Amino acid sequence: MRQGDERAAAPPAAPGGDAGPAPRVDLSGSDPREPPRATRREAALAAASVTAGTALAVSYAFHPERAGAIGMLAALTALYAVLAAVTVMWLRGRGELRAALRPRSGDLARGAFVAAALYGLAMAAQLVLAPRGSPREAWLLRLYLQLGDPSADARVFVGATVFVVAALEELVWRGLVMRALEGPLGRGSAWLSSSALFAAAHAPTLFLLGDPVAGPNPLLVAAGLGCSIVWGRVVHLYGRLPPAIFAHAFFSWAIVSFPIWRP
């Protein structure tokens, strides 16, 4: 290289004639505005802990001995209150809390629309999976007996509690589990994997709500998988949690307050 070329390639001199240090170039390819991706270990711990904790609480809450008892809802409320607090702290530590939970105009209406669509699908599924007069109608009977008498005065309290539990549930599963799994798995795989785990966490109800004639009860597992896929898609569509939280909460409340099946 000629001397003139060397001068041309040298960094510009700092004021006063001294050459300043060469500028540092970030070659990592990461965007400093984005929070770091969860590690494989962090994602596995979050997914396993939430799935196992939910399965244990579901096993307790849906045991036939606690049908219609206040302890059923108390167990689920206590679990998700703790997990929701962990989720909030995790999101805050990553600097994502405000962006994830930032409300916007129309979130309530979006959630209500999705909930209404899912409620209609649930009614259609009931006609196919557990029609009137079939042995499989016992699946719905067992489910609503577990929740208590839908015509009792306490149905307002039950519906309100289910609304709160469902909102916390959505915060945990989409705000923590799905978000953490996006680190090692990517967005699409995390969406489907978290939905499958949500359904798997309700697997104890296959037998707890089963019937000697109709067999294992797949309703909560199937509903958990299908609805979780929809709620995860809503989070991806809007990039925030509130629309999915409202959709989950309104749907669960409607299923309890306006039963799709009555004796």
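The structure this text deals with has already been given above.
Our subject in this report is the structure included herewith.

## Structural notes on the overall build of the protein chain
From N to C terminus, the protein chain includes 11 helices and 0 strands. Start at the N end of the protein chain and walk to the C end: the helices and strands fall as α-α-α-α-α-α-α-α-α-α-α. Burial status across the protein chain gives 43% buried among its 263 residues. Sequence separation of 24 or more characterises 79% of the internal contacts of the protein chain that already satisfy a separation of 6 or more. Of the roughly 14300 Å² of accessible surface on the protein chain, 66% is carried by carbon and sulfur atoms.

## So, the packing of helix 5 (residues 107-129) against helix 11 (residues 242-257)
Following both chains from N to C, one finds helix 5 and helix 11 inclined at 45 degrees, their axes separated by 7 Å at the closest point. The angle between helix 5 and helix 11 places the two elements in the oblique class. Helix-helix and strand crossings are classified by hand; for helix 5 and helix 11 the assignment is right-handed. Along the contact surface, helix 5 presents D107, L108, G111, A112, V114, A115, L118, Y119 and A122, while helix 11 presents P242, P243, F246, A247, F250, F251, A254 and I255. Split into classes, the residues belonging to the contact of helix 5 with helix 11 amount to 15 nonpolar, 1 polar and 1 charged.

## Examining the packing of aromatic side chains
All told, the structure shown has 5 aromatic pairs when counted by the stated rule. Judged by centre distance (6.2 Å) and plane angle (25 degrees), the rings of F246 and F250 are stacked. With a gap of 4 residues between them, F246 and F250 both fall in helix 11, about one helical turn apart. For the ring pair W253 and F258, a centre distance of 5.4 Å and an interplane angle of 80 degrees mean the geometry is edge-to-face.

## Details of the side chain of Q146
Inspection of the secondary structure assignment puts Q146 in helix 6 (residues 137-147). For Q146, the side chain forms a polar contact with the main-chain oxygen of H63, separated by 2.7 Å.

## Some details on a nonpolar patch on the surface
On the surface, a nonpolar cluster with roughly 280 Å² of combined accessible area is contributed by V82, V86 and M89. Mapped onto the secondary structure, V86 falls in helix 3 (residues 70-93).

## Digging into the nonpolar core
As a rule of thumb, soluble globular proteins bury nonpolar side chains together. In terms of nonpolar packing, the biggest core is built from 66 residues, with F62, W231 and F251 touching the most fellow members. A per-element tally of this core places helix 7 (residues 155-185) first, with 13 residues. Residues in contact with W231, not counting those within four places in the same chain, are L118, E170, R174, F198, A244, A247, H248 and F251.

## A word on the pattern of salt bridges
This structure, assessed with the given rule, holds 7 salt bridges. Here R94 ties to E96 by a salt bridge, and the two come within 2.6 Å at their closest N and O atoms. Here R94 falls in the buried class, since its relative accessible area comes to 14%. Two residues, R179 and E96, come together in a salt bridge whose shortest N-O distance is 2.8 Å. Of this pair, R179 sits in helix 7 while E96 sits in the loop between helix 3 and helix 4 (97-101); the two residues are 83 residues apart in sequence, bridging distant segments of the chain. Residue classification places R179 among the partly exposed positions, given a relative accessible area of 23%. It is possible to trace a salt-bridge network through shared partners that takes in R94, E96, R179 and E182.

## Brief notes about the side chain of S194
Tracing the backbone through its elements, the reader meets S194 in helix 8 (residues 187-201). The residues touching S194, leaving out its near neighbours within four places in the chain, are W173, V177, M178, L181 and S228.

## What to know about the environment of V164
For V164, the position within the fold is in helix 7. Exposure remark for V164: the relative accessible area of 43% places this residue in the partly exposed category. For the pair formed by V164 and A249, sequence separation is 85 residues and the distance between their alpha carbons is 6.8 Å.

Analysis parameters
Residues numbered from 1 in each chain as written. Predicted model: local features only at pLDDT ≥ 70, side-chain atom pairs only at ≥ 80, totals over all residues. Heavy atoms only, no water. Helix = DSSP H or I, 4+ residues; strand = E, 2+ residues; numbered from the N terminus. Buried < 20%, exposed > 50% of the residue type's maximum accessible area, 1.4 Å probe, protein only. Contact = heavy atoms within 4.5 Å. Areas by Shrake-Rupley, 256 points an atom, 1.4 Å probe, with all protein chains shown as cover. Axes fitted to C-alpha atoms, helices over the stretch in contact; angles between N-to-C directions. Parallel < 35°, antiparallel > 145°, perpendicular 65-115°, else oblique. Left-handed = near helix turned anticlockwise from the far one by under 90°. Nonpolar A, V, L, I, M, F, W, Y, C, P; charged D, E, K, R; others polar. Phe/Tyr/Trp six-rings, centres within 6.5 Å; stacked < 30°, edge-to-face > 60°. Polar contact = N/O pair within 3.5 Å; in protein donor to acceptor, adjacent residues only side chain to side chain. Patch = residues over 30% accessible without salt bridge, like charges linked within 9 Å, V, L, I, M, F, W, Y side chains within 5 Å. Salt bridge = Lys/Arg side-chain N within 4 Å of Asp/Glu carboxyl O. Core = buried A, V, L, I, M, F, W, Y, C linked by side-chain atoms within 4.5 Å.

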